[in-house]
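Working through the structure, step by step
Okay, here's what each chain looks like letter by letter:
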Amino acid sequence: MKYVDEFRDPKAAKSLLKAIADKIEELGATKEKPIHIMEICGGHTHAIFRYGLDKLTPDGLEFIHGPGCPVCVLPMSRVDECIEIAERSEVIFTTFGDAMRVPGTKGSLLQAKADGADIRMVYSPLDALELARRNPNREVVFFGLGFETTTPSTALAIQQAATEELGNFSVFCNHITVPPPIKVLLDDPLMVLDGFVGPGHVSMVIGTKPYEFIPRDYGKPIVVAGFEPLDLLQSVLMVLVQISEQRAEVENQYARIVPDDGNPVSIAAIDDVYAERPTFEWRGLGEIDASGLRIRDKYKLFDAEEKFGIGYATNRRVVEEPEGCACGEVMTGRIKPMACPQFGKGCTPDMPLGALMVSSEGACAAYWQYGGARSAAE
Amino acid sequence: MCLGIPGKIVEITDPATNMALADVSGVQRKVNVTCVLGEGLDTLIGKYVLIHVGFAMALIDEDEAKKTMDTLNALGEAQEEFEAMFASDRALEGRT
C-alpha cells in the first residue's frame with residue numbers, strides 16, 4: 001500500500017479499502033470475473049491513477065475509463081475546422097490550452113500557430129471577450145468545448161457579448177453533454193458495466209436527476225463522486241453496496257458540492273443560449289443522438305459557424321482515425337491502452353497520435369504517466 | 001479544466017457584470033460570480049468558491065477549499081491552472 005500514507009487520512013483510506021475488499025469477496029468477484037465500474041469523468045481517471053486506486057483495490061474490481069475527457073472525444077474534423085477559422089487573417093482564435101495539441105488531419109492548433117495563425121491560449125472565455133474589446137478590428141473566436149462544467153461559462157460570455165453588442169466576438173461551439181454517451185455504452189451488447197462513478201463537477205451544474213435513466217432503464221447503480229481519493233473510494237464502496245443489496249439508484253457522495261437540482265443559474269444560461277443538435281460526432285464513438293449543443297438563432301451573431309460558414313452545420317465530414325490508432329476501442333473500454341499497437345511507440349504525450357494521449361485526463365496519458373510505461377520506455 | 005480551482009472572493013470589481021476579484025493561493029484573478037450570487041454580491045466577500053475557467057460555480061467552505069487544493073497539487077492540476085492564467089494574461093497583451 002505504498003500510496004495510502006500519502007492520503008489526507010490514511011486510516012480512513014485503509015478502512016474504506018478493507019470494506020471494498022470485503023464487498024468484492026462477498027460478491028464472489030475475481031480477476032477472471034471482475035465487477036466492472038466505469039468512472040465517467042476524465043478527472044476521476046487521472047485521480048485513480050495518481051493515487052494508485054486501481055492497484056490498491058482488489059483484482060476483482062476493474063475500472064473502465066469512460067468518455068469524459070472533452071479533448072479526447074473531439075473528432076479530427078472539428079480540429080481541422082478550428083484551423084480553417086484560425087487561418088483567416090482577420091481572426092484571433094482563442095482556446096483552452098488543453099486543445100492545442102489535439103491532432104487533426106492537417107496537424108494541431110499548435111502547429112497552425114507555429115505556421116503563423118494568430119491562436120492564443122486563454123484561461124477563460126471572459127479573456128476572449130476582453131480580447132474582442134481590445135481588438136475591435138479583429139474577429140475574436142473562442143473555441144467552446146467541454147461538458148456541462150464549462151458550457152455555462154461560454155453561455156454567459158455570449159450573453160455578455162450580446163449585452164455589449166460586441167459584434168467581433170463569436171464562439172465555435174463544440175459543447176457536448178454527458179448522459180447521451182452513457183446511454184450508447186449501456187446499449188452496446190459488448191459492454192459489461194456493473195455500475196458507474198458519476199462526474200462531480202458536471203453534476204454540480206446539471207444535478208443528479210439526468211442520470212435517473214441509468215437505474216430506471218438499465219438497472220445499474222450510479223454514485224456521483226468527488227475528486228479526492230477518499231471520495232472515490234467511498235463512491236466505489238457505495239456502488240458495490242448497491243450491487244450487493246440488489247439496488248440500483250442514483251446516489252450522491254458529493255452532496256457538499258452537488259445539489260440534486262444542480263445550479264439553476266447555470267442551467268438557465270445554458271437553456272437560453274444553446275439548443276440540442278440532432279446528432280454530434282464523438283471521436284471513437286461516432287455519431288450520438290442529441291449529444292451536442294448549438295447556439296440558438298437569437299444569438300447567431302455570436303455563432304462562428306454562422307459567421308464563417310464553417311462547422312457542423314455546414315460541413316459533415318467524418319474522418320477516419322489515423323492508421324493503428326485504437327482510441328475508439330480504449331474509449332469504450334474494449335481494450336486497455338497498452339494493447340494499442342501505437343501505445344508508447346507512434347503515440348506518446350509529446351507526439352500524440354490519438355486524443356487519449358493528449359490530455360492528462362485521457363486514459364492513455366494516465367497509463368503512460370502512472371502505469372510504468374513511461375519509465376519502461378525511458 | 002474539469003477540476004477547477006478554489007479561491008476566496010476578496011473584492012467586487014464590477015457589480016454591473018457580476019465581476020469580482022478572487023485570491024487563488026496568492027494569485028489575484030478576476031472571476032464572474034453570476035452562478036453563485038444567491039443572496040447578493042456583497043455577501044460573497046470572504047467566501048470560498050470553486051472556480052471553473054474564470055467562473056465561480058459553487059460556494060465551498062474553507063476546509064473543502066484546502067482539501068481541493070491539496071488534491072489539485074497532487075495531480076499537478078493546480079500548476080496547470082496557474083500556467084493557463086498566466087498564458088491568458090500574456091495573450092491579452094498580445095504577447096503570445
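Use the structure listed above.
The present account deals with the structure reproduced in this document. (Residues numbered from 1 in each chain as written. Chains lettered and ligands numbered in written order. Predicted model: local features only at pLDDT ≥ 70, side-chain atom pairs only at ≥ 80, totals over all residues. Heavy atoms only, no water.)

A closer look at the pattern of salt bridges
Residues and elements named next belong to chain A.
- For the structure shown, the criterion picks out 31 salt bridges over all chains.
- The salt bridge involving E281 is made with R78; its shortest N-O contact spans 3.9 Å. Of this pair, E281 sits in strand β11 (residues 279–282) while R78 sits in helix α4 (residues 76–86); the two residues are 203 residues apart in sequence, bridging distant segments of the chain. You'll find E281 and R78 in the same group, each marked buried.
- Between D272 and K298 there is a salt bridge whose closest N-O contact spans 2.5 Å. (Salt bridge = Lys/Arg side-chain N within 4 Å of Asp/Glu carboxyl O. Helix = DSSP H or I, 4+ residues; strand = E, 2+ residues; numbered from the N terminus. Buried < 20%, exposed > 50% of the residue type's maximum accessible area, 1.4 Å probe, protein only.)

Digging into the sheet that holds strand β8 (residues 222–224) of chain A
Residue and element names in this part refer to chain A.
- One open sheet holds the five strands; their spatial order is β2-β1-β7-β8-β9, and the pairing between them is parallel. Strand pairing shows two members of the sheet lacking a second neighbour, β2 (61–68) and β9 (250–252), which therefore form its edges. Across the sheet, the axes of successive neighbouring strands diverge by a mean angle of 20 degrees, strand direction being ignored.
- Here strand β7 (residues 195–198) pairs with β8 via three bridges, running parallel. Across the sheet, residue F196 finds its bridge partner in β8, namely I222.
- Where helix α11 (residues 229–244) meets the sheet, it contacts β1 (35–41), β2, β7, β8 and β9, and its direction lies at approximately 155 degrees from that of β8. (Pairing = 2+ DSSP bridges. Axes fitted to C-alpha atoms, helices over the stretch in contact; angles between N-to-C directions. Contact = heavy atoms within 4.5 Å.)

Some remarks on the pairing of strand β5 (residues 55–60) of chain B
Residue and element names in this part refer to chain B.
- Most of β5 sits out of view: five of its six residues are buried.
- Across five bridges, the pairing between strand β4 (residues 48–52) and β5 is antiparallel. Following the sheet pairing, H52 is matched in β5 by F55.
- Hairpin connection between β4 and β5: a loop of two residues separates the two successive antiparallel strands, and V53 in this loop has a positive phi of roughly 40 degrees.

Let's talk about the pairing of β2(A)
All names here are of chain A.
- Within β2, seven of the eight residues are buried, which leaves the element mostly enclosed by the surrounding structure.
- The sheet contact formed by β1 and β2 spans six bridges and is parallel. Opposite I35, over in β2, you have L61 as the bridge partner.

Looking at the packing of helix α1 (residues 10–26) of chain A against α11(A)
Residue and element names in this part refer to chain A.
- Interaxial distance between α1 and α11 falls to 10 Å at its minimum, and their mutual angle equals 25 degrees. Judged by the inter-axis angle, α1 sits roughly parallel to α11. Crossing geometry of α1 relative to α11 is assigned as left-handed. Contacts between α1 and α11 involve A12, A13, L16, L17, A19, I20, K23, I24 and E26 from the former and L230, L233, Q234, V236, L237, L240, V241 and S244 from the latter.
- For the contact of α1 with α11, a count of residues per class yields 13 nonpolar, two polar and two charged. (Parallel < 35°, antiparallel > 145°, perpendicular 65-115°, else oblique. Left-handed = near helix turned anticlockwise from the far one by under 90°. Nonpolar A, V, L, I, M, F, W, Y, C, P; charged D, E, K, R; others polar.)

With respect to the sheet that holds strand β5 (residues 139–146) of chain A
All names here are of chain A.
- Ordered in space as β4-β3-β5-β6, the four strands form an open sheet in which the pairing is parallel. This sheet does not close on itself; its edge strands, each paired only once, are β4 (119–121) and β6 (169–175). When strand polarity is set aside, the average angle formed by the axes of neighbouring strands in this sheet is 25 degrees.
- In terms of strand pairing, strand β3 (residues 91–95) meets β5 through four bridges, oriented parallel. The partner of V91 across the bridge, within β5, is E139.
- Lying on the sheet, helix α7 (residues 151–164) is in contact with β5 and β6; it crosses β6 at an angle near 155 degrees.

Topic: the environment of V91(A)
Residue and element names in this part refer to chain A.
- Among the structural elements, V91 can be located in strand β3.
- Along the sequence, V91 and R133 sit 42 residues apart, while their C-alpha atoms lie 14 Å from each other.
- With sequence-adjacent residues up to four places away left out, V91 is seen in contact with I85, A86, D118, R138, E139, V141 and F308.

A word on the side chain of Q242(A)
Residues and elements named next belong to chain A.
- Summarising the element assignment, Q242 is placed in helix α11.
- For Q242, a relative accessible area of 0% puts it in the buried group.
- Setting aside residues no more than four positions away along its own chain, Q242 makes contact with P221, I222, V223, R247, A248, E249 and E251.

Remarks on the interface of chain B and chain A
- With 37 residues of chain B at the contact, the number on the chain A side is 42 residues.
- Together chain B and chain A conceal approximately 3500 Å² of surface at their shared face, both sides included; 63% is due to carbon and sulfur atoms.
- At the boundary of chain B and chain A, one finds three salt bridges.
- The salt bridge partner of R29(B) is D127(A), with a shortest N-O separation of 2.5 Å.
- Counting across the chain B and chain A interface gives 14 residue pairs in polar contact (both at pLDDT 80 or more).
- Elements with a minimum of two residues in the side of chain B that touches chain A: β3 (27–32), β4, β5, α1 (62–75) and α2 (77–92) of chain B.
- Counted by class, the side of chain B that touches chain A contains 20 nonpolar, nine polar and eight charged residues. (Buried area = accessible area lost by both parts, 1.4 Å probe. Polar contact = N/O pair within 3.5 Å; in protein donor to acceptor, adjacent residues only side chain to side chain.)

Considerations on the nonpolar core
- Of all hydrophobic cores here, the largest spans 167 residues; its most connected members are F93(A) and F169(A).
- Contacts of F93(A), omitting those with residues within four sequence positions, involve C82(A), I85(A), A86(A), L109(A), D118(A), I119(A), R120(A), V141(A) and F143(A). (Core = buried A, V, L, I, M, F, W, Y, C linked by side-chain atoms within 4.5 Å.)

Here we look at the packing of aromatic side chains
Residue and element names in this part refer to chain A.
- Taken as a whole, this structure holds nine aromatic pairs over all chains when the rule is applied.
- Here the aromatic rings of F213 and Y218 are separated by 6.3 Å at their centres, their planes lie at 80 degrees, and the arrangement is edge-to-face.
- Given a relative accessible area of 11%, F213 falls into the buried group.
- Put simply, the rings of F93, F143 and F172 pair up and form one aromatic cluster. (Phe/Tyr/Trp six-rings, centres within 6.5 Å; stacked < 30°, edge-to-face > 60°.)

Observations regarding helix α2 (residues 42–50) of chain A
All names here are of chain A.
- Across the nine residues of α2, nine count as buried, placing the element largely inside the fold.
- Residues of α2 that are buried: G42, G43, H44, T45, H46, A47, I48, F49 and R50.
- A positive backbone phi angle near 65 degrees is found at G52, which sits one or two residues after α2.

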